[in-house]
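# Examining the three-dimensional arrangement
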Amino acid sequence: MSEQDRMGFATRAIRVGHRRTGEAEHGEPIFATSSYVFASAAEAAARFAGDEPGNIYSRFTNPTVRAFEERLAALEGGESCVATASGMAAVLSVCLGLLRSGDRILSSRSLFGSTTMLFGKYLARFGVATDYVPLADLDAWAAAMTPRTRFLYLETPSNPLTEMVDIAALADLAHAHGCLLVVDNCFCTPALQRPLALGADLVIHSATKYLDGQGRCVGGAVVGDRQRVGEEVFGVLRTAGPSMSPFNAWVFLKGLETLALRMDAHSRAAAALADWLCEQPAVTRVYYPGRPEHPQHHLVGPQQRGGGGIVSFEVAGGRAAAWRLIDATRLISITANLGDVKTTITHPATTTHGRLSAEERAAAGISEGLVRIAVGLEDLADIQADLARGLAAR
């Protein structure tokens, strides 16, 4: 076992990936350079040919980005990480690196709207089809497998209904059919859930969310093994260039330093808010994994450490009532982003999932009366007071 392997989670989140330069800096530097100088033509040729390690061009080799990649891989327990310009760039890079025309994706129906659009509108143009199943129904996953299925794709917990699935059971199913399991771990981060340790093959992140933690930058990442991620997905990045900037990588490095503390605090606040929402007469249903009535509540503990920071709930009266609630808030930020220290609120049917058809939203369980809260780190009493104002406005 290496020294890094013996480190605790918080230590890895603070220390891994930083190689101190000759300037003896204590904080990680930002290497704001597009290219690198070679000692000779022979060295340049060896670098480009892959015969010698080292920096070549910041589209695919940058020390700051590499530090972020190494740190996130250490937190997720993966061999390799590729950082990308956004979470959606990470999803696209996995698809371009691992799929070809005629292949099929077997996906949960409970997905971020842009992922559904990528699969259904754009990948379909190039001969990659997608089959959809209910996230928590393992029998449906098994029944939908085909000889052309190449990987199973899911978010757990899902956006925005916080549905969950047994990752280990789904990994066994995927591997029994010669498929890969790809898990979007955006809502939990490795601070609360480590899909690779449960049998998943690849983990995808929108670093924009909790990995940053303060809504400052856009980025994404893929974590997995050296062959699929370190070669195939990296090859897409090197050639197509959906690259993370050094500045954004540096911001994400700073975010990782407090990730464990923040995720614990987000989870505690969200659990308390979910309990409070259940007591409000205007609220007809609350979706939160930490609540005992959540259909996959039994997975909190064995699979997921804590309920996470996302709470969704239904209000009677459909879109009009949901919009009145949202518009009446004064403290909470009306934005579709999440994972921020500032609490955010959005109406999924007209924002994150607004490009889906009414039929697709209905199949995913996203009603017109659904509201999603990403619980921040403000005083809980202030968040409750702001929502009470909105609920009273109905």
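Residues numbered from 1 in each chain as written. Predicted model: local features only at pLDDT ≥ 70, side-chain atom pairs only at ≥ 80, totals over all residues. Heavy atoms only, no water.

### Details of the sheet that holds strand E4 (residues 149-155)
One open sheet holds the 7 strands; their spatial order is E1-E7-E6-E5-E4-E2-E3, and the pairing between them is mixed. Looking at strand neighbours, the two that pair on one side only are strand E1 (80-84) and strand E3 (129-133), the edges of this open sheet. The sheet shows a mean angle of 20° between the axes of neighbouring strands, taken without regard to direction. Across the face of the sheet, helix H4 (residues 63-76) comes into contact with E1, strand E6 (202-206) and strand E7 (220-224) while running at roughly 130° to E1. Here helix H10 (residues 228-240) sits on the sheet in contact with E1, strand E5 (180-184), E6 and E7, set at roughly 20° to E1. (Pairing = 2+ DSSP bridges. Helix = DSSP H or I, 4+ residues; strand = E, 2+ residues; numbered from the N terminus. Axes fitted to C-alpha atoms, helices over the stretch in contact; angles between N-to-C directions. Contact = heavy atoms within 4.5 Å.)

### Focus on the pairing of E1
The element E1 is extensively covered by neighbouring structure, given that 5 of its 5 residues are classed as buried. Note that E1 and E7 share 5 bridges and pair antiparallel. Bridge pairing in E7 places Thr 84 opposite Gly 220. (Buried < 20%, exposed > 50% of the residue type's maximum accessible area, 1.4 Å probe, protein only.)

### Let's talk about the environment of His 18
Mapping His 18 onto the fold places it in the loop between helix H2 (9-15) and helix H3 (41-49). In sequence terms His 18 and Leu 253 are 235 residues apart; their C-alpha atoms lie 9.7 Å from each other. Residues contacting His 18, with those up to four places away along its chain left out, are Glu 25, His 26, Gly 27, Glu 28, Pro 29 and Arg 71. Of note is the side chain of His 18, whose polar atom sits 3.1 Å from the side chain of Glu 25. (Polar contact = N/O pair within 3.5 Å; in protein donor to acceptor, adjacent residues only side chain to side chain.)

### Details of the side chain of Glu 28
Following the sequence through the fold, Glu 28 ends up in the loop between H2 and H3. Owing to a relative accessible area of 8%, Glu 28 belongs among the buried residues under this scheme. Separated by 2.7 Å, the side chains of Glu 28 and Lys 254 make a polar contact. Beyond its immediate chain neighbours, meaning those up to four positions away, Glu 28 contacts Ile 14, His 18, Arg 71, Trp 250, Leu 253, Lys 254 and Glu 257.

### Describing the packing of aromatic side chains
Applying the stated rule across the entire model yields 5 aromatic pairs. Seen in terms of ring centroids, Phe 38 and Phe 48 are 6.1 Å apart; in terms of plane orientation they differ by 65°. Their pairing is edge-to-face. Linking Phe 38 in the loop between H2 and H3 with Phe 48 in helix H3, this pair joins segments that are 10 residues apart in sequence. What makes Phe 38 partly exposed here is its relative accessible area of 21%. (Phe/Tyr/Trp six-rings, centres within 6.5 Å; stacked < 30°, edge-to-face > 60°.)

Without other data, these values stay purely geometric and don't point to any function.
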